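Examining the three-dimensional arrangement
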Amino acid sequence: MEGSHRRQRRETDQDRVPPGQEGPEEHLVKGDRRWGWLRRFAVVVGALLVAAGLLLIADVNGSSIRVLGNQKFAVPPKTSGCSGVAALASGAFRVPITVSSVGSEVEASVNVCVAGQGPFPFVIDTGASSSAIDLSLAQRLHLPKLGSPLRYAGIGCTGITQLEELTTWSMAGLALAGQPIAAQTIPGWGGEGEPVGLLGADVLSRFGALRFDFAAQTMTVPGIQAPAPNGPSLVTGPLASPIPSDLVSGPPSSISGLRVAESLNYAVATTFVHFRGADQDEVFELDTGASRSVVGASVTRTLGLTKTTSLGEMQTSCSRITVPLVQSGPWSVNNGQLAPLMLRSTDLGQLRPPGINGLLGLDELSRFEYAIIDFKGATLALGPRRQ
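So, here is what we can say about the structure in this document. For every chain, the first residue of the written sequence is number 1, and numbering continues from 1 onward in sequence order. The predicted nature of this model means local features are confined to residues of pLDDT at least 70 and side-chain atom pairs, given and counted, to a pLDDT of 80 or more, with totals for whole chains, interfaces and linings taken over all residues. Derived side-chain values reflect all non-hydrogen atoms in the structure, with water molecules and hydrogen atoms excluded from consideration.

Turning next to the state of the cysteines. Cysteine sulfur atoms that pair up within 2.5 Å are treated as a disulfide. Scanning the entire structure with this criterion turns up one disulfide. Put simply, Cys82 and Cys113 are joined by a disulfide, and their sulfur atoms are 1.9 Å apart. Taking the sign of the S-S torsion, about -90° here, the bridge from Cys82 to Cys113 comes out left-handed. With a gap of 31 residues between them, Cys82 in the loop between strand E2 (63-68) and strand E3 (86-87) and Cys113 in strand E6 (residues 105-114) connect regions that are remote in the sequence. Judged by its relative accessible area of 32%, Cys82 is partly exposed. Its relative accessible area of 3% is what places Cys113 among the buried residues. Counting from the N terminus, the helices are DSSP H or I runs at least four residues long and the strands are E runs at least two residues long. Under the scheme applied here, a residue whose accessible area is under 20% of the maximum for its type counts as buried, over 50% as exposed, and between as partly exposed, the area being computed with a 1.4 Å probe on protein chains only.

Any Lys or Arg side-chain nitrogen located within 4 Å of an Asp or Glu carboxyl oxygen qualifies as a salt bridge. Inspection of every chain in the model, using the stated rule, returns four salt bridges. Glu192 serves as the salt-bridge partner of Lys78, at 3.6 Å between the closest nitrogen and oxygen. Of this pair, Lys78 sits in the loop between E2 and E3 while Glu192 sits in the loop between strand E13 (179-184) and strand E14 (197-199); the two residues are 114 residues apart in sequence, bridging distant segments of the chain. On the basis of relative accessible area, Lys78 is assigned to the exposed category, the value being 59%. Classification of Glu192 as exposed rests on a relative accessible area of 61%. When the shortest N-O distance is used, the salt bridge between Arg211 and Asp213 registers 2.9 Å. Comparing Arg211 with Asp213 shows no difference in burial state: the two are buried. Here the residues in one salt-bridge network are Glu105, Arg292 and Arg344, joined through shared partners.

Moving on, we come to unusual backbone geometry. Residues apart from glycine generally show negative phi values, whereas peptide bonds are mostly found in trans. The peptide bond linking Gly118 to Pro119 adopts the cis configuration, its omega dihedral lying at 15°. By the element assignment, Pro119 lies in strand E7 (residues 117-124). Within the chain, Ala172 stands out as a residue other than glycine whose phi angle is a positive 50°. By secondary structure assignment, the location of Ala172 is in the loop between strand E11 (169-171) and strand E12 (174-176).

This is the structure we're talking about:
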């Protein structure tokens, strides 16, 4: 079986979280327990809301180099208002979303309303450990501020972010629990037809699990949100507990374990990805906010992934950068074959916690009929490959 000889990165005693102690991602919330997480989030929110499109063609050393730049994805229609969610007999909720493709890249977004105002398009982004809102919208909504503004450093840039309080808000009519949210200015946000926020893993993980049906353009959750966790936890799956039955319809084509780190204001889910010929698996974050999957530059060098003649733009929390595109070649998650793709290749050191070497984005996940992300059971289930 392909990849059966490889070495996985094994859990060590340092990976386990004894009661009352920090997990490996707890540096996100060190210091002030209410606001310290935001300092790291200001960089992590570079959730790579990246679009594809031919921007220009240049000649570099005699080679034709294509630069793929940002274009707009479709967002949910304003005519839907602050409604659209369907309550199922089982107690689950089916939320209408917009799944938009530009070239080979894919983005998913949903209408969000705040205190009855809206709707406002938010990107559905499991790769953002914490949620965010455009600063200009937060100012229009007069959201209460929590603490003082914080300055952060991104890739080649600095910015200001302000923690603010959301008390009454909803997702396509499904009520969301009040919580703090980071308000900041991000390139490509806030204009006509552009997103004005993102729903991060801190919000989404509290539903326990999510099911994306890409052709139907829906996201199903098994019930209302659970309360935020009281402290840090780290779970390595797949656990023995089954995926919520409300989300299962027929056997998935593959089931993979996740590693889910959670605390009061953040959540991070990672899995192991294998590239053919590699000696070990690589840790990739499950990132529905990445319209194109990303591989760390160190992995590109180690595995000798084939470079293309294209460059791609990446949008971070305060800048746009241009990075090489490389061919994934044959790759898999838990021996479930993934579609070969062009990946962005960059140093993730300033964008993600240490140890994460790539982002498994929506360009890959949407190639399956459905994807189930079970945070509580630390499981990723992928449906049959779409035709």
